[in-house]
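A closer look at the structure
Below, each chain spelled out in residue letters.
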Amino acid sequence: MTIAVVLFTSDLRVHDHPPLRAALEGGREIVPLFVRDPAVDRAGFAAPNRLAFLADCLRDLDASLRGLGGRLVVRTGDTAAEVHRVVREAEADEVHMAGGHAAFARTRESGLRRALEAEGCRLYTHDAVFTAVPPGDLTPQGSDHFAVFTPYFRRWSAEPLRTPWPAPRELRVPASLRSEDLPGRAGLSGVSPGLAAGGEGEGRAQLRSWLARHAAEYEDRHDDLAGDVTSRLSPHLHFGTLSAVELVHRARRHGGPGAEAFIRQVCWRDFHQQVLAARPESSGTDYRSRGDRWRHGREAAADLLAWQEGRTGYPIVDAAMRQLAHEGWMHNRGRLITASFLTKTLYLDWRAGARHFLSLLVDGDVANNQLNWQWVAGTGTDTRPNRVLNPVLQGRRYDPDGAYVRRWVPELAGLDGPDVHEPWRLPGLERAAYDYPDPLISLPDGLARFRHARSLE
Ligand code: FAD
């Protein structure tokens, strides 16, 4: 009987899992393996919030596998070396894993392939595990990737997706294999106090409940900051506790304008993945340079710190930054407002903002984070690179009665509706009663600096 190793990476689930399904074909014994590779930390991908969420996911995966008669084998070390070791110990002749498209995943895969070849063991990679449509599958004429979203979305929507597979009914794992203890949240420092729980069980329950309760209102209310009706499924997509293919199928089956608007957002995720796969350097360099000479020096550093700590004096910006610190997650509208404020109003480098987001976001993902930052900074794929979001107008529009600001900026909890977005307009004495900073810069000054820097006037 042949034995197959299934290497789990960003696909921590048992439902709709192509590598698991392929490995189980023919009734093989399998070794479900997860390798904690220090190279992931060194590459800057690890952050306390994501490590905590990952620990939840691994425990949940192990529990699911045990329910099927197996268990998860966890090892720490270089991925290629550890898989090689497990292959030898189990006398396995196949390894199955999700195919990766990011630079890190490709390097890991080629190292693994080399290590396994020497052992006479075959590595099978499977597509559409992490995304709904694999990067590179859709290309426009004359280019290796789509640089504009709408035509990509049109092609993506017409692309047939596999029917999602159920979880296996049972599996057998060789008894003799050693596993390290599963990591836990205990001992991790710097985890946001309001961080959500991870794991496939959580993700599936959240999807069910969101479809039933909020999908219908998503189209109209997805930008309502206080309403908070978006799915919050991004960490589950990031860790693969939900399959993007299954998610799209379920949303399509649910139907209606809300589900359609949601599917369009899920497509943005695939869009950024295919841009990064084709232009890996865009994780750190401008996709389309605008000749920016971002501010540097002591004053710039102080502004960056005030932004990070939610002390810019613009309540909607500060509220969103504090939500990020508290939950390790931020509403998409908040991400747009805070990123625009940093890059265009403060004229600070998008890389500094992206780095801070990645240090906290539980869904922090190089493709989605860096390319959304570039999109907002105007160095990415946005066709209107110089648009600037006015934080006061954004606050009035997307938090009209101020509930979001009051939730996250308790200093201003005594202020109502429009006032809460412009506390500096309050008369002297009344204003002094609120222990809240003055704006770092006036909006017209920020705009003038940006327009000058981009030679727009
Ligand atoms: P929903 O509105 O419920 O959307 C469903 C899913 O669609 C999301 O879970 C997500 O996977 C995908 N999605 C939605 N909007 C986008 C988008 N603009 N780009 C790509 N995918 C999208 N998303 C990440 O997953 N990781 C990141 O590191 C990340 N960094 C961002 C940084 C900036 C500056 C900005 C403006 C956006 C960023 N996003 C990132 C995209 C988006 O903000 C989040 O995906 C979304 O807020 C997650 O909340 P949700 O699951 O409730 O989204």
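This report concerns the structure included in the present document.

Rules used in this analysis
- Residues numbered from 1 in each chain as written.
- Predicted model: local features only at pLDDT ≥ 70, side-chain atom pairs only at ≥ 80, totals over all residues.
- Heavy atoms only, no water.
- Near = heavy atom within 4 Å.
- Polar contact = N/O pair within 3.5 Å; in protein donor to acceptor, adjacent residues only side chain to side chain.
- Helix = DSSP H or I, 4+ residues; strand = E, 2+ residues; numbered from the N terminus.
- Nonpolar A, V, L, I, M, F, W, Y, C, P; charged D, E, K, R; others polar.
- Domains from an automatic or database assignment.
- Core = buried A, V, L, I, M, F, W, Y, C linked by side-chain atoms within 4.5 Å.
- Buried < 20%, exposed > 50% of the residue type's maximum accessible area, 1.4 Å probe, protein only.
- Contact = heavy atoms within 4.5 Å.
- Expected span 1.5 Å × (residues − 1).

Moving on, we get to the site of the ligand. In the vicinity of the ligand, 28 residues are found, and the nearest of them are Tyr 218, Thr 230, Ser 231, Arg 232 and Asn 332. Side-chain polar atom of Asn 332 to an oxygen atom of the ligand: 2.7 Å apart, as the coordinates give it. Asn 372 is positioned such that a nitrogen or oxygen atom in its side chain is 3.0 Å from a nitrogen atom of the ligand. Elements supplying a minimum of two residues to the shell around the ligand: helix H9 (234–239), helix H11 (257–278), helix H14 (332–345) and helix H16 (366–377). No other element matches the 6 residues that H11 contributes to the shell around the ligand. Of the residues in the shell around the ligand, the class split is 13 nonpolar, 10 polar and 5 charged. Two domains each provide a minimum of three residues to the shell around the ligand, namely domain 2 (131–160 + 201–278) and domain 3 (298–453).

Let us look at the nonpolar core. One finds Trp 156 and Trp 307 to be the most contacted residues of the largest nonpolar core, which totals 83 residues. In terms of residues, this core owes the most to one element, H11, which gives 10 residues. Shared between two domains, this core takes at least three residues from each, and those domains are domain 2 (131–160 + 201–278) and domain 3 (298–453). Residues within four places of Trp 156 in sequence aside, it is in contact with Ala 132, Val 133, Leu 138, Val 248, Arg 252, Ile 263, Cys 267 and Asp 270. Core analysis: the next-biggest nonpolar cluster, separate from the first, contains 26 residues, Phe 34, Leu 65, Leu 68 and Trp 329 among them.

It is worth spelling out helix H4 (residues 79–90) at this point. Helix length check: H4, at 12 residues, gives a terminal C-alpha distance of 16 Å against a target of 16 Å (1.5 Å per residue), a fit within 8%. Taken together, the buried positions of H4 are occupied by Thr 79, Ala 80, Glu 82, Val 83, His 84, Val 86, Val 87 and Ala 90. Looking at the packing, one finds that the buried side of H4 touches strand E1 (3–8), strand E2 (29–36), strand E3 (73–76), strand E4 (94–98) and helix H5 (103–117). Just downstream of H4, Glu 91 is the residue with a positive phi angle, here 55 degrees.

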